[in-house]
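Each chain, written out:
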Amino acid sequence: MPDQPSFPSLSDDELRETLELLSTVMASVSDRVDDQTKALDRINKTATEARQAAFAAKAQTDPKHYGELVGQAIDGHLSETLRRLEYATNHLDRGTKQTAEVLGQARQDQRDTLRSISNREERLREWQARWPWFALGAVVLALAMSVALPRFMASYPATCAVIGGVWTSTTTGTDACVFYRP
């Protein structure tokens with residue numbers, strides 16, 4: 001089975017932030033879709049009116065007389081209807097372009113967010129790879145300090161007193177930090 005791409009896991013705050021961004025985009029898209037739906041309803045109503053006018057004109061028996069009436073109706077009603085239809089078409093076109101821009105920006109934001117998360121995860125993996133070496137260094141330092149620090153502190157009178165010793169001179173004249181048992 002080929003390796004499947006794995007997406008970095010997100011923290012709760014990052015997931016919450018991503019969901020908030022997506023809900024904002026979806027609310028904006030929903031508002032635009034509602035506006036487009038209203039415009040489509042107006043277009044549908046206009047088209048229905050135009051069809052009804054055409055059927056009424058076709059049903060007439062006197063072509064000359066009703067031809068003039070149809071001509072007047074077309075001039076009076078259809079020109080206004082065509083203007084409204086053109087307006088609705090332009091409105092839909094603008095709404096579609098705005099929706100496409102918003103969706104494009106949302107896709108870009110999503111890619112940027114995923115890239116940022118991926119970079120954070122990579123830095124975390126790098127830190128996790130170094131962590132055992134830091135721990136080993138700390139253990140070695142602790143061992144070295146457990147041997148060297150008391151010896152270093154015992155070589156000076158002030159620090160000898162801090163660790164509970166007494167600074168004294170030996171019979172050979174060498175100074176030393178001495179610990180007495182009670």
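To keep things clear, this report deals only with the structure shown in the data block. Note that this is a predicted model, so its numbers are computed, not measured.

Quick notes on the rules
Residues numbered from 1 in each chain as written. Predicted model: local features only at pLDDT ≥ 70, side-chain atom pairs only at ≥ 80, totals over all residues. Heavy atoms only, no water. Helix = DSSP H or I, 4+ residues; strand = E, 2+ residues; numbered from the N terminus. Contact = heavy atoms within 4.5 Å. Areas by Shrake-Rupley, 256 points an atom, 1.4 Å probe, with all protein chains shown as cover. Pairing = 2+ DSSP bridges. Salt bridge = Lys/Arg side-chain N within 4 Å of Asp/Glu carboxyl O. Buried < 20%, exposed > 50% of the residue type's maximum accessible area, 1.4 Å probe, protein only. 1 Å grid on protein atoms, 1.4 Å probe; cavity = no way out; pocket = protein on both sides within 12 Å on 5 of 7 lines; lining within 4 Å. Points joined across faces, edges and corners; volume = space filled by probe spheres on them. Nonpolar A, V, L, I, M, F, W, Y, C, P; charged D, E, K, R; others polar. Disulfide = S-S within 2.5 Å. Phe/Tyr/Trp six-rings, centres within 6.5 Å; stacked < 30°, edge-to-face > 60°.

## Digging into the overall build of the protein
- Within the protein, the secondary structure is distributed over three helices and two strands.
- When its helices and strands are written in sequence order, the protein yields α-α-α-β-β.
- Sequence separation of 24 or more characterises 43% of the internal contacts of the protein that already satisfy a separation of 6 or more.
- For the protein, the accessible area works out to roughly 14,800 Å², and carbon and sulfur atoms hold 60% of it.

## Quick word on the pairing of strand β1 (residues 166–169)
- Here β1 pairs with strand β2 (residues 175–178) via four bridges, running antiparallel. Note that in β2 the partner of W167 across the bridge is C177.
- Adjacent in sequence and paired antiparallel, β1 and β2 are bridged by five residues, among which G173 carries a positive phi angle near 90°.

## Describing the pattern of salt bridges
- Overall, the coordinates contain six salt bridges when judged by the stated rule.
- Note that E49 and R84 form a salt bridge whose closest N and O atoms lie 3.9 Å from each other. Residue E49 is located in helix α1 (residues 12–59), and its partner R84 is located in helix α2 (residues 63–153); the two are separated by 35 residues in the primary sequence.
- By relative accessible area, which is 33% here, E49 ends up partly exposed.
- Owing to a relative accessible area of 40%, R84 belongs among the partly exposed residues under this scheme.

## Details of the layout of surface pockets
- Of the volumes computed, that of the second largest pocket is approximately 240 Å³.
- L21, L22, A106, D109 and Q110 are, among the 14 residues lining the second largest pocket, the residues nearest its centre.
- For the lining of the second largest pocket, the secondary-structure elements that each account for two or more residues are α1 and α2.
- It is α2 that provides the largest number of residues to the lining of the second largest pocket, a total of eight residues.
- Grouping the amino acids of the lining of the second largest pocket by side-chain chemistry returns eight nonpolar, five polar and one charged.

## Focus on the state of the cysteines
- On inspection of all chains with the given rule, the structure shows one disulfide.
- Disulfide pairing places C160 opposite C177 at an S-S distance of 1.8 Å. On the S-S bond that ties C160 to C177, the torsion sits near 85°, and the link is right-handed. Of this pair, C160 sits in helix α3 (residues 157–162) while C177 is found in strand β2, placing the two residues 17 residues apart along the sequence.

## Regarding the packing of aromatic side chains
- A full pass over the atoms with the stated rule returns two aromatic pairs.
- With 6.0 Å between their ring centres and 45° between their planes, W127 and W131 make a pair best called tilted. Of this pair, W127 and W131 both sit in helix α2, four residues apart, which is roughly one turn of the helix.
- For W127, a relative accessible area of 43% puts it in the partly exposed group.
- Among the aromatic residues, those joined into a ring-pair cluster are W127, W131 and F134.

These figures capture arrangement, not role.
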